[in-house]
Amino acid sequence: MALPTDQRTGETDQRTGDTDQRTGDALDVLRRVFGYDSFRGEQREIIDQLVGGGDALVLMPTGGGKSLCYQIPALVRDGVAVVVSPLIALMQDQVDALTTLGVRAGFLNSTQDFEARRLVETAFLAGDLDLLYLAPEALRSESVLRLLDRGSIALFAIDEAHCVAQWGHDFRPDYLALSMLHERWPSVPRIALTATATPDTHTEIAARLNLKDARHFVASFDRPNIQYRIVPKREPKKQLLDLLRTEHPGDAGIVYCLSRASVEKTAEFLVQNGVPALPYHAGLDASTRAANQQRFLREDGLVMVATIAFGMGIDKPDVRFVAHLDLPKSIEGYYQETGRAGRDGLPSTAWLAYGLSDVVQQRKLIEGSDGDLARRRVLGAHLDAMLALCETVRCRRVQLLAYFGQQAEPCGNCDTCLTPPESWDGTVAAQKLLSTVLRLHRERDQRFGAGQSIDILLGRQTDKVSQHRHDQLSVFGIGTELTESEWRGVVRQLLAQGLLAVEGDYGTLVLTDASGDVLGKRREVMMRREAPRAASTGRTAKPRAAGAAAALSPAAEPVFERLRAWRAATAKEQGVPAYVIFHDATLRQIAAEPPATMADLARVNGVGENKLAKYGQQILDTLAE
Ligand code: ADP
Ligand code: ZN
């Protein structure tokens, strides 16, 4: 690293000693290199565990500060820290970010030419690197393993460790091979990190990576600055536009869609309506994808419309909203995706529009998926938990955290806390709907989708009703006390509660084992009534002052904008993302209390030695303008 050599040797010599000394080193590195005052949460304990040669399994939400947990031991321990990460496209940015801090980092992956690889390999063998990033498949190459044998390894960090879990939502076969790290290098400490771990996935990671003696660090998964909102889907694109215009004008954000086609259409729609947006999905060629990702990371205020192919490892700190236009497949996925909002700790929105068609579509996808029955059951269980979250009348955060095995109090910053939905006794409505399905099946041996049952209950003489003579059924017209959209809500909630199921390509409704309890009046069904104003965006409070300059004093605002302009120009010149230079939070602090001297500037959070030397004078000049 860029510490003077004598200091580094000094550190090394003292390191044989006790934990306090090591912690001292770690704290020193945190302050000088990263420019932060103090450790967050359990960072210090995790770092001590590794520096002392032990293994660690770290579960921490996105934005929790996982990187420092291995980056600091990488600097404190002798040798090179080998970081295994599936995120090839981001390795360059990660290395750039470390280089700006004065840390020596490199990567080996399939995107490099021979010469670039050779340079990194030479640096590795010469001990001129602090961190080496590798894709998991690289560790299946005998030549890479031999290279590692010839160097000195400080530790192994396994990032995105949930990829090893088959129970989870993001399994990658290449990760299974990582259990050999322990056999091949038994004395090198390992740290596995993930932001998505239910108790099941947690257990599976520990078993598959052979982390028998590891200390487990489970942070709170709460992300208090993110406001969670789930609204009924009506006209999703318009609802989205409304959200962006009223609450997030000029902000950077991510919009997730299920299909490539809807990604394209949504991006186009936003652009037509004056919102700068880019598409991202696996159907675009690699260079377009890379270019769009680069722009999203580098420019301010872009909206990325994407399938879930986008986002893992994106550490852009100022993503102000994550919107889902389709139902995510699991809570793990949803939490990981929404977690990309607000890493800088500033207020952010996680917004999901969800409707009956989502349920039908997802069930269909599961039925049609390859994989055995057990796999389909796992997928079904994931979906059920997601539906339960959508339909809950409890605090969303309480329900989310419970899924990760953590307890919480109602948060006051989610839609159900801010505008508590009324719950109503939907038992009679449920009986009417279920008996319609039952009659169609039993009396006519017919199966239909939700639309037909609702038409029957509402007594509508549609062509399809006449054609099948459904107006002759005893249930015809017995449900006029509810509107069509309320009936759709009933169907949705019955599906979510497992009291009804959908089947086949046309999403036909069928009864479940539990339906009988409702029909037989042995079970009550409570339902969620949507607040009328939740109709569009579910806005719950008055809109926050929008944009990145929110909550700065009128005097500080132009200063902040000047600093941002300086940062944008500098980032462009160096070909790195703006946040690699300084985070918004750092610039805000500078704008709010402009430092007069380099010494003042050094005290600002996020200004380490290297950045101070590199940019300090430019900042002071910009302030003086
Ligand atoms: P994760 O990998 O867990 O998603 P990161 O490692 O990217 O999170 O950290 C999230 C943000 O928090 C980063 O901007 C990082 O610089 C910052 N951060 C991490 N640890 C600290 C700390 N101790 N003090 C201040 N900021 C920190
Ligand atoms: Zn809440």
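Residues numbered from 1 in each chain as written. Chains lettered and ligands numbered in written order. Predicted model: local features only at pLDDT ≥ 70, side-chain atom pairs only at ≥ 80, totals over all residues. Heavy atoms only, no water.

- The name recorded for the protein in an unreviewed UniProt entry is DNA helicase RecQ, from Plantactinospora endophytica.
- Its UniProt record gives the protein the following Catalytic activity (unreviewed entry) comment, quoted word for word: "Couples ATP hydrolysis with the unwinding of duplex DNA by translocating in the 3'-5' direction."
- The record in UniProt for the protein states the following under Sequence similarities (unreviewed entry): "Belongs to the helicase family. RecQ subfamily." (UniProt positions renumbered as here; feature names shortened; annotations may be inferred.)

Details of the overall build of the protein
Part 1 of the reasoning: Summing up its helical and strand segments, the protein has 27 helices and 17 strands in all.
Part 2 of the reasoning: Relative to a compact globule of 625 residues, whose C-alpha radius of gyration would be 25 Å, the protein shows 27 Å and is just as compact.
Part 3 of the reasoning: Taking the principal axes of its C-alpha atoms as reference, the protein extends roughly 90 × 60 × 45 Å.
Part 4 of the reasoning: The buried share of the protein, reckoned over its 625 residues, is 55%.
Part 5 of the reasoning: For the protein, restricting intrachain contacts to residue pairs at least 6 apart in sequence, the fraction spanning at least 24 positions comes to 73%. (Helix = DSSP H or I, 4+ residues; strand = E, 2+ residues; numbered from the N terminus. Rg over C-alpha atoms; globule rule 2.2 N^0.38 Å. Buried < 20%, exposed > 50% of the residue type's maximum accessible area, 1.4 Å probe, protein only. Contact = heavy atoms within 4.5 Å.)

What to know about the packing of helix α23 (residues 556-574) against helix α27 (residues 609-624)
The angle between the axes and the distance between the axes are what describe a pair of packed helices.
Part 1 of the reasoning: α27 packs onto α23 with a crossing angle of 140° between their chain directions and a minimal axis gap of 10 Å. Here α23 is positioned oblique relative to α27, judged by the angle of their axes. Taken as a pair, α23 and α27 cross one another with a handedness that is right-handed. Here Val-559, Arg-562, Leu-563, Trp-566, Thr-570 and Gln-574 of α23 lie close against α27, whose contacting residues are Lys-614, Tyr-615, Gln-618, Ile-619, Thr-622 and Leu-623. (Axes fitted to C-alpha atoms, helices over the stretch in contact; angles between N-to-C directions. Parallel < 35°, antiparallel > 145°, perpendicular 65-115°, else oblique. Left-handed = near helix turned anticlockwise from the far one by under 90°.)

Some thoughts on the pattern of salt bridges
Any two side chains of opposite charge can pair, so long as their charged atoms come close to each other.
Part 1 of the reasoning: Summed over the entire model, instances satisfying the criterion amount to 33 salt bridges.
Part 2 of the reasoning: Among the salt bridges present, the one from Asp-130 reaches Arg-104, with a minimum N-O distance of 3.1 Å. Residue Asp-130 is located in the loop between α6 (114-125) and β4 (131-134), and its partner Arg-104 is located in the loop between α5 (88-100) and β3 (105-108); the two are separated by 26 residues in the primary sequence.
Part 3 of the reasoning: Owing to a relative accessible area of 0%, Asp-130 belongs among the buried residues under this scheme.
Part 4 of the reasoning: Lys-316 serves as the salt-bridge partner of Asp-318, at 3.3 Å between the closest nitrogen and oxygen. (Salt bridge = Lys/Arg side-chain N within 4 Å of Asp/Glu carboxyl O.)

Points about the domain arrangement of the protein
Part 1 of the reasoning: Partitioning the protein into domains gives domain 1 (22-218), domain 2 (226-354 + 392-418), domain 3 (423-528) and domain 4 (548-624).
Part 2 of the reasoning: Just the C-alpha atoms count here: the centres of domain 2 and domain 4 sit 27 Å apart.
Part 3 of the reasoning: Taken together, the contact pairs nine residues of domain 2 with eleven residues of domain 4.
Part 4 of the reasoning: A combined buried area of about 860 Å² lies between domain 2 and domain 4, and 53% of that area is made up of carbon and sulfur atoms.
Part 5 of the reasoning: Together, Arg-298, Asp-300 and Pro-317 form the three largest contributors to the area buried by domain 2 at its contact with domain 4, with a combined 49%.
Part 6 of the reasoning: Taken together, domain 2 and domain 4 are joined by two salt bridges.
Part 7 of the reasoning: The tally of links between domain 2 and domain 4 comes to two residue pairs in polar contact (both at pLDDT 80 or more).
Part 8 of the reasoning: Per-class residue counts for the side of domain 2 that touches domain 4 are three nonpolar, no polar and six charged. (Domains from an automatic or database assignment. Buried area = accessible area lost by both parts, 1.4 Å probe. Polar contact = N/O pair within 3.5 Å; in protein donor to acceptor, adjacent residues only side chain to side chain. Nonpolar A, V, L, I, M, F, W, Y, C, P; charged D, E, K, R; others polar.)

Some details on the coordination of the zinc ion (ligand 2)
Part 1 of the reasoning: Coordination of the zinc ion (ligand 2) by the protein comes from Cys-395 (SG), Cys-411 (SG), Cys-414 (SG) and Cys-417 (SG), over a distance range of 2.3 to 2.4 Å.
Part 2 of the reasoning: Each donor residue of the zinc ion (ligand 2) belongs to the same chain, with the gaps between them written as C-x15-C-x2-C-x2-C. Here Cys-395 is found in the loop between α15 (373-391) and α16 (396-403), whereas its partner Cys-411 is found in the loop between α16 and α17 (415-418), with 16 residues between them in sequence.
Part 3 of the reasoning: The class of Cys-395 is buried, set by a relative accessible area of 7%. (Donors = N, O, S within 2.8 Å, 3.2 Å for Na, K, Ca; no water.)

Side note on the sheet that holds strand β13 (residues 348-354)
Part 1 of the reasoning: Spatial strand order, β8-β13-β12-β9-β11-β10: six strands in an open sheet with parallel pairing. At either margin of the open sheet sits one strand with a lone partner, and together these are β8 (226-232) and β10 (277-280). Across the sheet, the mean angle from the axis of one strand to that of its neighbour is 15°, orientation sign disregarded.
Part 2 of the reasoning: When strand β9 (residues 252-256) meets strand β11 (residues 303-306), the two strands line up parallel, connected through four bridges. When the bridges of β11 are listed, Tyr-256 appears paired with Ala-306. (Pairing = 2+ DSSP bridges.)

As for the UniProt feature "domain: Helicase C-terminal" (unreviewed entry) in the protein
Part 1 of the reasoning: Sequence positions flagged by UniProt for "domain: Helicase C-terminal" (unreviewed entry) are, in local numbering, residues 236-387.
Part 2 of the reasoning: Each end of residues 236-387 is marked by a C-alpha atom, and these two atoms are 18 Å apart; helix forms 49% of the span and strand 17%.

Examining helix α18 (residues 427-444)
Part 1 of the reasoning: Here α18 is 18 residues long and its end C-alpha atoms lie 25 Å apart, about the 26 Å a rise of 1.5 Å per residue gives.
Part 2 of the reasoning: All of the buried residues along α18 are Thr-427, Ala-429, Ala-430, Gln-431, Lys-432, Leu-433, Leu-434, Ser-435, Thr-436, Val-437 and Leu-440. (Expected span 1.5 Å × (residues − 1).)

Remarks on the sheet that holds strand β5 (residues 153-158)
Part 1 of the reasoning: The strand order across the open sheet formed by seven strands is β3-β4-β2-β5-β6-β1-β7, and the pairing between neighbours is parallel. Here the strands that pair on one side only, and so sit at the sheet edges, are β3 and β7 (215-218). Geometrically, the sheet is characterised by an average inter-axis angle of 20° between neighbouring strands, direction not taken into account.
Part 2 of the reasoning: Pairing between strand β1 (residues 56-59) and β7: four bridges, direction parallel. What sits directly across from Ala-56, in β7, is Arg-215.
Part 3 of the reasoning: Lying on the sheet, α6 is in contact with β2 (80-84), β3 and β4; it crosses β3 at an angle near 125°.

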